[in-house]
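# Working through the structure, step by step
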Amino acid sequence: MSFTTRGFPLFLTFDFDAETLWTARDKSNAQKPIVMSQGRYGWKRGIWRVLDLLRRRDHCVTFFVPGLVVEAHPEIMEAVLKDGHEIAHHSYTHTWITELSLEQEREEMERGIEAIRKVAGYRPRGWRSPAAEFSQHTLGLIEEYGFDYSSNFFDDDEPYLLEIDGRRTDIVELPFRWVLDDAPFFHYSVTLPGRTMQAPSALLEAWTLEFDALRAEDRMMMIGMHPQIIGQPSRLWVLERFLDHVAEADNVWIGRCDEMTDDIRAGLKGART
């Protein structure tokens, strides 16, 4: 493990999208109260179960939050910060980047930064796309706005330094894959054709097998979750049982993305020289 001596890096991250998960896909969903109630579940119930579990397990992790959600739920942001978690950038409205002009994408960046700065007292250090895709401008904007790390690409099982316009930067990329996300297993709606729910045990098996294999290879593991999805009782059971499995292994490092990437960056730069 050339990029860190702190142990196998296991990142537990949460995209706290609330209603923007649905309005970003289709703005007309804002006029559909039943659809929107699925997003409300995230802040009414799911997030509190997630925070309670993390508190009981003594884990401080990272929440990627759209600026609109930050502004709408200051009491939740206060609870997240009180427990020592990091708030990172997840756009402002969660609108899909592929639908934005450069000016609109820049506005999403700036308004999201300002929303987090006001509630947390710091500029966000990490950025995750709200739509699992970039525009031709996104990489340049990540560098321009001074982000230290990104968690977006699906091309590796270990961290690396981003290249932008052929230049190696100091921005750490924390890649992940769809199998490490709760949404493909559980994100269901009658308006999403082809989406079916899987048993919680299917996700537990997948994440357990991924953890064992990646740890044996000395890689890393980036898990992405959504409070409105993983925060439902049968699904939170998956996360609890997965953490039980993790606890049986030694030399595993769970923490905030900002703190972990500071250590990882030093290792990556050392390996580069």
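Everything below is about the structure printed above this text.
A brief report on the enclosed structure follows. The written sequence of each chain sets the order in which its residues are numbered from 1. Totals for whole chains, interfaces and linings use every residue, but because this is a predicted model, local features are given only for residues with pLDDT of at least 70 and side-chain atom pairs only at 80 or more, for both listing and counting. Each side-chain value is worked out from all heavy atoms of the structure, with water and hydrogens disregarded.

### Thoughts on the pattern of salt bridges
Under the convention used in this document: Each salt bridge in this description consists of a side-chain nitrogen of Lys or Arg and a carboxyl oxygen of Asp or Glu lying within 4 Å of one another. Strands here mean DSSP runs of E at least two residues long; helices mean DSSP runs of H or I at least four residues long; both are numbered from the N terminus. Under the scheme applied here, a residue whose accessible area is under 20% of the maximum for its type counts as buried, over 50% as exposed, and between as partly exposed, the area being computed with a 1.4 Å probe on protein chains only.
Within this structure, the stated rule accounts for 23 salt bridges. With a closest N to O distance of 3.6 Å, Arg111 and Glu107 form a salt bridge. Here the residue Arg111 and the residue Glu107 both occupy positions in helix H5 (residues 102-120), the gap between them amounting to four residues, near one helical turn. Owing to a relative accessible area of 41%, Glu107 belongs among the partly exposed residues under this scheme. Linking Asp262 and Arg125 is a salt bridge whose minimum nitrogen-to-oxygen distance equals 2.5 Å. Placement of the pair is Asp262 in helix H11 (residues 257-272) and Arg125 in the loop between H5 and strand E4 (126-127), with a sequence separation of 137 residues. Classification of Asp262 by relative accessible area gives partly exposed; the value is 35%.

### Some words on the environment of Leu162
The test is simple: Residue contacts are counted whenever heavy atoms from the two residues lie within 4.5 Å of one another.
On the secondary structure map, Leu162 appears in strand E6 (residues 160-164). A relative accessible area of 3% places Leu162 in the buried class. Measuring from C-alpha to C-alpha, the distance between Leu162 and Trp48 comes to 34 Å, with 114 residues separating the pair along the chain. Each residue touching Leu162, except ones within four places of it in the same chain, is listed here: Leu139, Ser150, Phe153, Arg167, Arg168, Thr169, Ile171 and Glu173.

### Observations concerning the pairing of strand E7 (residues 167-173)
Selection criterion: A pair of strands counts as paired when DSSP detects no fewer than two bridges linking them.
With two bridges joining them, strand E5 (residues 149-150) and E7 adopt parallel strand pairing. Residue pairing for E7: Ser150 is matched across the bridge by Glu173. Linking E6 to E7, which pair antiparallel, is a turn of two residues; within it Asp165 sits at a positive phi near 55°.

### Description of the nonpolar core
Stated precisely, the cut-off is as follows: Put simply, buried Ala, Val, Leu, Ile, Met, Phe, Trp, Tyr and Cys residues joined by side-chain atoms within 4.5 Å make one nonpolar core.
Core analysis: the largest hydrophobic core is formed by 45 residues, its most contacted members being Leu10, Leu12, Phe14, Phe63, Trp207, Met221 and Phe242. Excluding residues that lie within four positions of it along the chain, Phe242 makes contacts with Leu10, Leu204, Trp207, Thr208, Phe211, Met221 and Ile223. Core analysis: the next-biggest nonpolar cluster, separate from the first, contains 16 residues, Phe3, Leu161, Cys257 and Met260 among them.

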